[in-house]
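Each chain is listed here by its residues.
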Amino acid sequence: RFAVRARNLRGWGPITKWSQPIRTAPSAPGPPGLPRPMPERTARSLAVEWDPPESDAPLTEYEVWCGRVAASDLRAEIPSGGRRTRTTRTQMKFTGLAPTTQYVFRVRAQNFSGWSPWSSASEAVSTSDVCSLDDIKCAVM
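Within every chain, residues take consecutive numbers counted from 1 along the sequence as written. Thresholds applied to this predicted model are a pLDDT of at least 70 for local features of residues and 80 or more for the giving and counting of side-chain atom pairs; totals over whole chains, interfaces and linings are not thresholded and use all residues. With hydrogens and water set aside, each side-chain value is computed from the structure's full complement of heavy atoms.

Chemist: Requested: an account of the side chain of Ser45, with residues and values cited.
Modeler: By the criteria applied, helices consist of DSSP H or I runs no shorter than four residues and strands consist of E runs no shorter than two, each listed in order from the N terminus. As for its position among the elements, Ser45 is in strand β4 (residues 45-49). Here's how the labels work: a residue is buried when its accessible area is under 20% of the maximum for its type, exposed when over 50%, partly exposed in between, all with a 1.4 Å probe on protein chains only. Residue Ser45 is classed as buried on the basis of its relative accessible area, which comes to 2%. Among the polar contacts listed, one links the side chain of Ser45 to the side chain of Thr42, at a separation of 2.8 Å. In this view, Ser45 contacts Lys93, Phe94, Thr95, Leu97 and Thr127; residues no more than four positions away in its chain are not counted. Contacts described as polar in this section are N or O atom pairs within 3.5 Å, which, within protein, must combine one atom able to donate a hydrogen with one able to accept it, while residues neighboring in sequence count only if both atoms come from side chains. Here, two residues are considered to be in contact whenever any of their heavy atoms come within 4.5 Å of each other.

Dropping the structure here:
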């Protein structure tokens, strides 16, 4: 709450009535937790999960980045190359990946004030050499 009054050469004017309470805008969220590989893994897919960040406002979505280890600059502030996908959940499954290839993941969160910084890169995780039924269906069709 606040009140205002002005001053000129003649002195101070009357003070206004107190304002209604106001709130400042929330800040952007902090970075989400480090993405962790989930057990679900095939020759063409990997799944990760992460913990939500601290946030002054409700989170609206996450953006998840997936990139090959060999082609990724893991120290970059903003990941480049790879694939980005958005979700409202704290887990994501990437499909259409290369068999027996190592990937890393990063994630960031959004609230009404903006995007968080990107998380650190996950540990490298490799797709397997075993195709799932869905992998086989995609390859045949």
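Chemist: So what's going on with the side chain of Thr42? Residues and values would help.
Modeler: Tracing the sequence through the fold places Thr42 in the loop between β3 (36-41) and β4. You can call Thr42 buried: its relative accessible area is 11%. For Thr42, the side chain forms a polar contact with the main-chain nitrogen of Arg44, separated by 3.1 Å.

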